[in-house]
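Architecture at a glance
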Amino acid sequence: MKVSIIGAGSVGASCAEYVAIKSIANHVVLLDIKKGLAEGKTLDIYQSATLLSYDTKVVGVTNDYQATENSDVVVITSGIPRKPGMSREELIGINAGIVDSVAQQILKFSPKTIFIVVSNPMDTMTFLTLKKTGLPKDRVIGMGGILDSARFKTYLSLALGVPSSEIQGMVIGGHGDTTMIPLARLATYNGIPVSTLLSVEKLNQVVSNTMVGGATLTTLLGTSAWYAPGASAAYLVDSILGDFKRLLPCSVLLDGEYGLDNLCIGVPCIIGGKGLESIIEIDLDSNEQEKLIQSAHKVQQMNQSLDSIL
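These numbers come from a predicted model, not from an experiment. (Residues numbered from 1 in each chain as written. Predicted model: local features only at pLDDT ≥ 70, side-chain atom pairs only at ≥ 80, totals over all residues. Heavy atoms only, no water.)

Overview of the overall build of the protein
As a reminder, the rule being used: Starting at the N terminus, helices and strands are each numbered in turn, a helix being any DSSP run of H or I of at least four residues and a strand any DSSP run of E of at least two. Using C-alpha atoms as the atom set, the radius of gyration is obtained and then compared with a globule rule of 2.2 Å times the number of residues to the power 0.38. Residue burial is assigned from relative accessible area. The probe radius is 1.4 Å, only protein chains are included, and a residue is buried under 20% of its type maximum, exposed over 50%, and partly exposed in between. Methods summary: accessible areas were calculated by the Shrake-Rupley approach with a probe of 1.4 Å, and residue burial reflects only the protein chains presented. His is not counted, nor are the chain ends, whereas Lys and Arg count as positive and Asp and Glu as negative. For the purpose of locating charges, the reference atoms are NZ of Lys, CZ of Arg, CG of Asp and CD of Glu.
Along the protein, the regular secondary structure elements total ten helices and 14 strands. Whereas a compact globule of 310 residues would reach a radius of gyration of roughly 19 Å, the protein reaches 19 Å, a difference of no more than 12%. Projected onto its principal axes, the C-alpha positions of the protein cover 50 × 50 × 35 Å. Across the 310 residues in the protein, those meeting the buried criterion constitute 53%. Just so you have it, the protein exposes about 13,200 Å², and 53% of that area is on carbon and sulfur atoms. Of the side chains in the protein, 24 bear a positive and 29 a negative charge, and the two mean positions are spaced by 4 Å.

Following this line, the structure appears as C-alpha cells:
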C-alpha cells in the first residue's frame, strides 16, 4: 500500500511519521514545494526505523508529483496554517488555490486514489476538491470530525479522571470553532452516559473547551497544532487501507442525509477500503438537529467564497 502526503509541514510530517511507525502502509511519500523540507523530514523519520522496528519506506520529494504515482491514499495538508487570532475561514482565499492545484496534479499519476483533506477550512476544502476533481463522494473525505472527537474525548476523560480509551464521544457538524457540535447527550464512559456522571456545568465546560480546542492550541503554540491532527489523518488512512469499516465522523458530501444537500460537513460515516462506504443517520434530538442546520448554513456561506473558482 502506498500513501502520499502533500505538505511537509508539522501536520504532514506527523502524519507520515505515524503511518510509518504503525506500518499502516509500506511506502510513504512526503511532498512539499519547499526544497529540502520533505527530504530532510523523511530522512529523519527513516533513521528512527532501526530504533522503533518498522520497515516502511519513507521518501521525501520537492514538487515531484510523479513520485506519488499509484498512491492508494493521498492526504492533503498543504496550505498556510492558522496564526493566533485567525479563524479557519480566513484561510479560504489562499488555501483554495493550493488545494485545487494539488488535487489536479495528483490525479495525473493516481487516478484511482482516495483523497483525505486536512487543509483548512476543511469542510470547504473538501467540497472544493470534490467539485473540481469530479470524483465520486466516496473518494473525497475530510478529516476534521475525527480530530474534534479526539479533543472531546480528551476533555471528557480529564473531567471524569478516567482513561480516554474508555470514553466514547463524537463531534459532528462543521470543523470550526462555531460550527462543530459535540454530542454530549450520546457520550459514554464504558457505556454509562457521561451526563449522569458530570454536572451540567462541567459538561457544558467540556463542550466549550472542545469547540475552542484548536484555537486554544494556536494561542499556546503560536501556530496550528500538529500531533493530534497528524494522528487523526493517519487513523483515517489506517481505516481505509485496513478496510476496518470504522464508524468515524468525517466531512463528506451530503445528498439529502440529515435534511442537507450539496455540502460537505461532518457526520457519522463507515470508512473502509472503498473510502466512504456509508453515511449513518443517527437520531438527533431537536436541539442537535437545529445546531446541525445552523452549522450547515455557516459552511454553505463559506462555500460561497469558492464561486469564482468553481
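Observations concerning the side chain of Ser110
Under the convention used in this document: Side-chain atoms alone can form a polar contact between residues adjacent in sequence; in general such a contact is a pair of N or O atoms within 3.5 Å, and within protein one must be able to donate a hydrogen while the other accepts it.
Note that Ser110 resides in the loop between helix H4 (92-109) and strand E5 (114-117). Taking relative accessible area as the criterion, Ser110 reaches 2% and is therefore assigned buried. Of note is the side chain of Ser110, whose polar atom sits 3.0 Å from the backbone nitrogen of Asn70.

Quick look at the pattern of salt bridges
Going by this rule: Salt bridges are identified by distance alone: a Lys or Arg side-chain nitrogen within 4 Å of an Asp or Glu carboxyl oxygen.
Applying the stated criterion across every chain yields a total of eight salt bridges. In this structure, Asp285 and Arg185 form a salt bridge, with 3.3 Å as the shortest nitrogen-oxygen distance. Of this pair, Asp285 sits in the loop between strand E14 (275-279) and helix H10 (286-303) while Arg185 sits in the loop between strand E9 (180-182) and strand E10 (188-189); the two residues are 100 residues apart in sequence, bridging distant segments of the chain. Residue Arg185 is classed as partly exposed on the basis of its relative accessible area, which comes to 40%.

Details of the environment of Val73
Within the secondary structure, Val73 sits in strand E4 (residues 73-76). For the pair Val73 and Phe115, spaced 42 residues apart in sequence, the C-alpha separation works out to 6.0 Å.

What about the packing of helix H1 (residues 10-21) against helix H9 (residues 227-241)?
For the record, the criterion: Interaxial angle, 0 to 180 degrees, is taken between N-to-C directions of lines fitted to C-alpha atoms, where a helix line uses only the stretch in contact. Should an angle lie under 35 degrees it is considered roughly parallel, over 145 roughly antiparallel, and from 65 to 115 roughly perpendicular; all remaining angles are considered oblique. Helix crossings get a hand from a simple test, with the near helix turned counterclockwise from the far one by less than a right angle marking a left-handed crossing and a clockwise turn marking a right-handed one. Throughout, a residue-residue contact means that at least one pair of heavy atoms, one from each residue, lies within 4.5 Å. Charged residues are taken to be Asp, Glu, Lys and Arg, nonpolar residues to be Ala, Val, Leu, Ile, Met, Phe, Trp, Tyr, Cys and Pro, and polar residues to be all remaining types, Gly included.
Where H1 meets H9, the axes come as close as 8 Å, and the angle between the chain directions of the two elements is 50 degrees. When the interaxial angle is binned, H1 and H9 end up oblique. In this structure, the crossing between H1 and H9 has a hand that is right-handed. From H1, Val11, Ser14, Cys15, Tyr18 and Val19 reach across to H9, where they touch Tyr227, Pro229, Gly230, Ala231, Ala233 and Ala234. Grouping the constituent residues of the contact of H1 with H9 by class yields nine nonpolar, two polar and no charged.

Comments concerning the sheet that holds strand E7 (residues 167-168)
Just so we agree on the cut-off: For two strands to be treated as a pair, DSSP must find no fewer than two bridges joining them.
Across the sheet, three strands lie side by side as E7-E10-E11; this open sheet has antiparallel pairing. Pairing within the sheet leaves two strands with one partner each, and these edge strands are E7 and strand E11 (192-193). In this structure, E7 lies alongside E10, joined through two bridges in antiparallel fashion. Across the sheet, residue Ile167 finds its bridge partner in E10, namely Tyr189.

Here's the deal with the state of the cysteines
What counts is decided by this rule: Criterion for a disulfide: a pair of cysteine sulfur atoms within 2.5 Å.
Throughout the structure, instances matching the rule amount to zero disulfides. For the unlinked cysteine Cys15, the closest cysteine sulfur is that of Cys250, found at 13 Å. Overall, Cys15 belongs to the buried group, its relative accessible area being 0%. Cysteine Cys264 is unpaired, with the sulfur of Cys269 as its nearest cysteine sulfur at 10 Å. For Cys264, a relative accessible area of 0% translates into the label buried.

With respect to the side chain of Thr124
With respect to the helices, strands and loops of the structure, Thr124 is situated in helix H5 (residues 122-133). Here Thr124 falls in the buried class, since its relative accessible area comes to 0%. The contacts of Thr124, once residues within four sequence positions are left out, are Val299, Met302, Asn303 and Leu306.

A look at the pairing of strand E12 (residues 246-255)
With seven of ten residues buried, E12 lies mostly within the body of the structure. Judged from the ten bridges that link them, E12 and strand E13 (residues 261-272) form a sheet pairing that is antiparallel. Bridging from a neighbouring strand, Ser251 pairs with Gly266 of E13. Connecting the antiparallel pair E12 and E13 is a turn made up of five residues, with Gly256 showing a positive phi of about 105 degrees.

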